[in-house]
Number of protein chains: 2
Amino acid sequence: MALIVQKYGGTSVGSVERIKAVAQRVHRTREAGHDVVVVVSAMGHTTDELIDLARRVTDRPDDRELDMLLTTGEQVSIALLTMALQARGCPAVSLTGWQAGITTEAVHGRARILSIDTARVRRELEQGKVVVVAGFQGVTPDGEIATLGRGGSDTTAVALAAALGADRCDIYTDVAGVYSADPRVVPTARKLDVITYDEMLELAALGAGVLHPRAVECAKKHKVVLTVRSSFTEEEGTWVKEVADMEQGQVVRGVAQDKNVARVTAVGLPNKPDTLAALFTILAEANINVDIIIQNAYDDARISVSFSVAGEDLPRTLEVLTKHRDRFGFASLMSEEGLAKVSIVGAGMVSNPGVAAAMFRTLSEQGIPIKMVSTSEIKVSCVVPQADAERAVRALHTAFQLDAAERVTVHG
Amino acid sequence: MALIVQKYGGTSVGSVERIKAVAQRVHRTREAGHDVVVVVSAMGHTTDELIDLARRVTDRPDDRELDMLLTTGEQVSIALLTMALQARGCPAVSLTGWQAGITTEAVHGRARILSIDTARVRRELEQGKVVVVAGFQGVTPDGEIATLGRGGSDTTAVALAAALGADRCDIYTDVAGVYSADPRVVPTARKLDVITYDEMLELAALGAGVLHPRAVECAKKHKVVLTVRSSFTEEEGTWVKEVADMEQGQVVRGVAQDKNVARVTAVGLPNKPDTLAALFTILAEANINVDIIIQNAYDDARISVSFSVAGEDLPRTLEVLTKHRDRFGFASLMSEEGLAKVSIVGAGMVSNPGVAAAMFRTLSEQGIPIKMVSTSEIKVSCVVPQADAERAVRALHTAFQLDAAERVTVHG
């Protein structure tokens, strides 16, 4: 008998029929003798529809009011799932974020969880109930409703699992697990049985999309054992934990891509100690996420800095930099759109100096130009033209011997 | 400068365009220098749609979970209306029932308000904001979300007005005020400028439909001055207050009807002191609302009792009585469906003994049979065949000189 947290995403509860299917799955886990806490997202495209409704009212909806609006989506899901469980004869109770004791920072739209008071959840579990908690939401110390931002329901599930000391946190989604590459791009992609937090973190951050990086970070910090699995099949998913049992000799575990990247280069900046700090502080203040940063020194007086941003942030990035041109005194500003980032990930990479070279060679053989390079202990990323990205992913998948013998089936 | 509570029903906030129109009206009141608290219902048919969703999950949704589900409707409205106010440059903040300090009984689906802690609302008003409160909802002392039942938003508005000591509570709806009769039935119906709480209570309870009786009761108890008016026009509405300035000599102020009534007669009950008490206790325990009750004594040993119930409660009423037949020992049970209750209402009626006689005469002249009669200090009700009800209302409206010189226009 274990305590299991299960999280079901929007597609998994996208209709009344799907909610009933989820209820069956939850009930089965309960019947097996486990305590179950379920975290659910809003049904299907509810969140997007609510955002659309807000935009029809005003171009710039207030963050607090947007949170007030969006949190209704999960509240509908928890009520319906609880009703479906009760209809099956499974005792259950729904809890909003504030009822579940989830306290967040006093910000809206992207609050972090500060603490979870598990008293109410534990009391309901002790009464033999399945506890159905609204994902993505919490309450600030002032009693304001706040949301955790995109991927917030994953974070709710992992944080609840950590606070409750759960034996496992199962993330149910519309794919069967974590793959060595996106199966829509690489037909021979394999589902991984097990993966480390760090590998998952790189894959999540690089756009593998099955699990939000914040949730993985939280799981790693609190050593919550995760599984990622499909709510549509009975297939075994992927385990995410501290030390993965390494598959024989496989240094690279997965290939990921981030499809919409732009590169900005500021040429001829003064070579002063605070130049970089000032530059990236201004971008951070404008809420622009910078990914890869490369600095070249031309001579003692001047440097050039290139960095990558999300494609949609490019216009604003150029606007901000141009506004501060006098302050930095760069000679020119160059930018390139239509790029993508392709990455290979694997925890064993750190002890294997030839991996980056093998990656460059593979791309070179395919005639794919490399625009930027970035490395960490467990990944190597190359920025390449968007049009070449999928070909790059497939070539790397084959080159690093990730191809499965058979084609895998992906559900969703 | 006054403190005004405004309540907007579902039709008034039925679309994004309507919400913007309501925002304009609220903003105008604010600009006139008043403090404004706004109570809103769920948009249009949202509540019915959510109930339908629940019924697709299960035939018997749990009351607690239904409250969890339904309260999202008002939460969406308050967020959108607040955004619309802010977009106009009017500072505003939305509050759910629990944020607005509305504590209810620990029941679901039809909770009564126990108390309102106005601290948060007052704090927001002091900061110059319009406070937009979700109607129909509150929180139980245990922190459970509860709804007030149908008409609950009216009650929220009046209770808030009472707790805040508001100067006025304006109920905005899709008709221009309280009429001397339903203008769809009586084309010559007149809008009343002013009406007493008791008159409104009788009219509300008798199916006039513009204002929920609970809200009127609450207003009477706390002496909250109400107005009922249209959110679609600029027309002056109807004032509801303790003493109405009587229009010259008009004893009867309005004619109302309750369209679906059934009559049940239990014949030959033993004439014992506890018979009636036992009979109506059993019906009350089965949650059957009994309206008119008439007792006839045939002889010293036997009595006959007739009473009216809502048409939809008839099958259950007969079922309950038949089950307890042995206990009461009545000779036979008779029932008649397809009836309606037609009532004349007016606070001046108590000092005017000829009113009931005039009503019976009018119905008699129309050849309309009277099945039951009930009187109170301010109304006379007759149960008549459903098919004759509208004709009866029109005839009574004319007989009591309520017809307006011109045809009134009703919006909605």
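The model shown is predicted, which means the values in this text are computed figures rather than measured ones. (Residues numbered from 1 in each chain as written. Chains lettered and ligands numbered in written order. Predicted model: local features only at pLDDT ≥ 70, side-chain atom pairs only at ≥ 80, totals over all residues. Heavy atoms only, no water.)

### Overview of the relation of the copies chain A and chain B
In step 1: Screw-axis analysis of chain A against chain B gives a translation of 0.0 Å along the axis, an RMSD of 0.2 Å, and a rotation angle of 179°. Put plainly, the chains are arranged around a two-fold axis. Closest to the rotation axis within chain A is the C-alpha of threonine 72 of chain A, separated from it by 2.7 Å.
In step 2: Residue by residue, 100% of the interface of chain A is reproduced at the interface of chain B, so both copies engage with the same surface. (Least-squares fit on C-alpha atoms with pLDDT ≥ 70 in both. Contact = heavy atoms within 4.5 Å.)

### Focus on the sheet that holds strand β3 (residues 92–95) of chain B
Residue and element names in this part refer to chain B.
In step 1: Reading across from one edge, β3-β6-β2-β1-β9-β11-β12-β10 is the order of the 8 strands in this open sheet, with mixed pairing throughout. Each having just a single partner strand, β3 and β10 (194–196) make up the two edges of the open sheet. Looking at each pair of strands side by side, their axes are set apart by 20° on average, direction ignored.
In step 2: Two strands pair when backbone bridges link them, and strand β1 (residues 3–8) and strand β2 (residues 35–40) are joined in this way by 6 bridges, in the parallel orientation. Bridging from a neighbouring strand, glutamine 6 pairs with valine 38 of β2.
In step 3: Running at roughly 155° to β2, helix α5 (residues 152–164) makes contact with β1, β2, β6 (130–134), β9 (168–173) and β11 (226–230) of the sheet. (Pairing = 2+ DSSP bridges. Helix = DSSP H or I, 4+ residues; strand = E, 2+ residues; numbered from the N terminus. Axes fitted to C-alpha atoms, helices over the stretch in contact; angles between N-to-C directions.)

### Digging into the side chain of glutamine 75 of chain B
In step 1: One can find glutamine 75 of chain B in helix α3 (residues 63–87).
In step 2: Take glutamine 75 of chain B: its relative accessible area is 4%, and that puts it in the buried class.
In step 3: If we ignore the near neighbours within four places in the chain, the residues touching glutamine 75 of chain B are Met68, Thr71, Thr72, Gln75 and Ile145 of chain A together with Thr96 of chain B. (Buried < 20%, exposed > 50% of the residue type's maximum accessible area, 1.4 Å probe, protein only.)

### Thoughts on the nonpolar core
In step 1: Judged by nonpolar contacts, the single largest core of 75 residues is most densely connected at Leu80 of chain A together with Leu80 of chain B.
In step 2: Setting aside residues up to four positions removed in sequence, leucine 80 of chain B forms contacts with Leu53, Ala54, Val57 and Leu69 of chain A together with Ile19 and Met43 of chain B. (Core = buried A, V, L, I, M, F, W, Y, C linked by side-chain atoms within 4.5 Å.)

### Quick word on the environment of serine 332 of chain B
Residues and elements named next belong to chain B.
In step 1: Locating serine 332 in the fold gives a position in strand β16 (residues 332–345).
In step 2: Judged by relative accessible area, which is 27%, serine 332 ranks as partly exposed.
In step 3: As a C-alpha pair, serine 332 and valine 350 span 18 residues in sequence and 37 Å in three-dimensional space.
In step 4: Apart from the residues lying within four places of it in its own chain, the contact partners of serine 332 are Thr265, Ala266, Val267 and Arg325.

### Notes on the interface of chain A and chain B
In step 1: Contact residues are listed per partner, giving 40 residues for chain A and 40 residues for chain B.
In step 2: Both sides together, the interface formed by chain A and chain B hides about 3200 Å², and carbon and sulfur atoms give 65% of it.
In step 3: Taken together, the connections running from chain A to chain B amount to 2 salt bridges.
In step 4: The closest approach of N and O atoms between glutamate 144 of chain B and arginine 120 of chain A, which form a salt bridge, is 3.1 Å.
In step 5: Here chain A is connected to chain B by 14 residue pairs in polar contact (both at pLDDT 80 or more). (Buried area = accessible area lost by both parts, 1.4 Å probe. Salt bridge = Lys/Arg side-chain N within 4 Å of Asp/Glu carboxyl O. Polar contact = N/O pair within 3.5 Å; in protein donor to acceptor, adjacent residues only side chain to side chain.)

### A short note on the pairing of strand β16 (residues 332–345) of chain A
All names here are of chain A.
In step 1: Here strand β13 (residues 254–270) pairs with β16 via 11 bridges, running antiparallel. Pairing of alanine 266 across the sheet is with leucine 333, part of β16.
In step 2: Here β16 runs beside strand β18 (residues 379–385); their pairing, made up of 7 bridges, is antiparallel. Within β18, the residue paired with serine 343 across the bridge is serine 381.

### Section: helix α1 (residues 16–31) of chain B
All names here are of chain B.
In step 1: Compared with the 22 Å implied by 1.5 Å per residue over 16 residues, the 22 Å span of α1 between its first and last C-alpha is a close match.
In step 2: Residues of α1 that are buried include every one of Val16, Arg18, Ile19, Val22, Ala23, Arg25, Val26, His27, Thr29 and Arg30, and no others.
In step 3: Remark: glycine 33 follows α1 within two positions and exhibits a positive phi of approximately 100°. (Expected span 1.5 Å × (residues − 1).)

### A word on the UniProt feature "binding site: substrate" (unreviewed entry) in chain A
All names here are of chain A.
In step 1: Here, the residues flagged by UniProt with the feature "binding site: substrate" (unreviewed entry) are Thr47 and Glu74. A maximum C-alpha distance of 8.9 Å places the annotated residues, which cover 28 residues in sequence, within one compact spot.
In step 2: In this structure, threonine 47 sits in helix α2 (residues 46–57).
In step 3: The exposure class of threonine 47 is buried, given its relative accessible area of 15%. (UniProt positions renumbered as here; feature names shortened; annotations may be inferred.)

### Quick notes on the packing of aromatic side chains
In step 1: Throughout the structure, instances matching the rule amount to 5 aromatic pairs over all chains.
In step 2: Their ring planes at 10° and their centres at 4.6 Å tell us that tyrosine 8 of chain A and tyrosine 172 of chain A sit as a pair that is stacked. With a gap of 164 residues between them, tyrosine 8 of chain A in strand β1 (residues 3–8) and tyrosine 172 of chain A in strand β9 (residues 168–173) connect regions that are remote in the sequence.
In step 3: Accessibility expressed as a relative area gives 5% for tyrosine 172 of chain A, which makes it buried.
In step 4: Over the face of the ring belonging to phenylalanine 232 of chain B we find arginine 18 of chain B, whose NZ or CZ atom lies 3.7 Å from the ring centre. (Phe/Tyr/Trp six-rings, centres within 6.5 Å; stacked < 30°, edge-to-face > 60°. Lys NZ or Arg CZ within 6 Å of the ring centre and 35° of its normal.)

### As for unusual backbone geometry
All names here are of chain A.
In step 1: One non-glycine residue, phenylalanine 136, lies in positive phi territory at about 75°.
In step 2: Structurally, phenylalanine 136 is set in the loop between β6 (130–134) and β7 (137–139).
In step 3: On the basis of relative accessible area, phenylalanine 136 is assigned to the buried category, the value being 9%.

### Some remarks on the domain arrangement of chain A
Many authors give the size of an interface as the accessible area that is lost as the parts come together.
All names here are of chain A.
In step 1: Domain annotation of chain A identifies domain 1 (3–245) and domain 2 (255–399).
In step 2: Here the C-alpha centre of domain 2 lies 32 Å away from the C-alpha centre of domain 1.
In step 3: With 16 residues of domain 1 at the interface, the matching set in domain 2 holds 17 residues.
In step 4: Across the interface of domain 1 and domain 2, roughly 1300 Å² is buried in total on both sides, 63% from carbon and sulfur atoms.
In step 5: Interface area lost by domain 1 to domain 2 is led by Val185, Glu202 and Leu206, which between them contribute 48%.
In step 6: At the boundary of domain 1 and domain 2, one finds 1 salt bridge.
In step 7: Here glutamate 202 makes a salt bridge to lysine 379, at a shortest N to O gap of 3.9 Å.
In step 8: Our count for the contact surface shared by domain 1 and domain 2 stands at 5 residue pairs in polar contact (both at pLDDT 80 or more).
In step 9: Tallying contributions element by element places helix α6 (residues 197–208) first for the side of domain 1 that touches domain 2, with 6 residues. (Domains from an automatic or database assignment.)

### A few points about the UniProt feature "domain: ACT" (unreviewed entry) in chain A
In step 1: If you check UniProt for "domain: ACT" (unreviewed entry), the listed places come out as residues 264–347 of chain A in our numbering.
In step 2: A helix fraction of 30% and a strand fraction of 45% characterise residues 264–347 of chain A, whose end C-alpha atoms lie 30 Å from each other.

### What about helix α12 (residues 389–399) of chain B?
Residues and elements named next belong to chain B.
In step 1: Within α12, burial applies to Ala389, Ala392, Val393, Ala395, Leu396 and His397.
In step 2: Looking at the packing, one finds that the buried side of α12 touches β13 (254–270), β16, α11 (354–365) and β18 (379–385).
In step 3: Glutamine 401 sits one or two positions beyond α12 and adopts a positive phi of about 55°.

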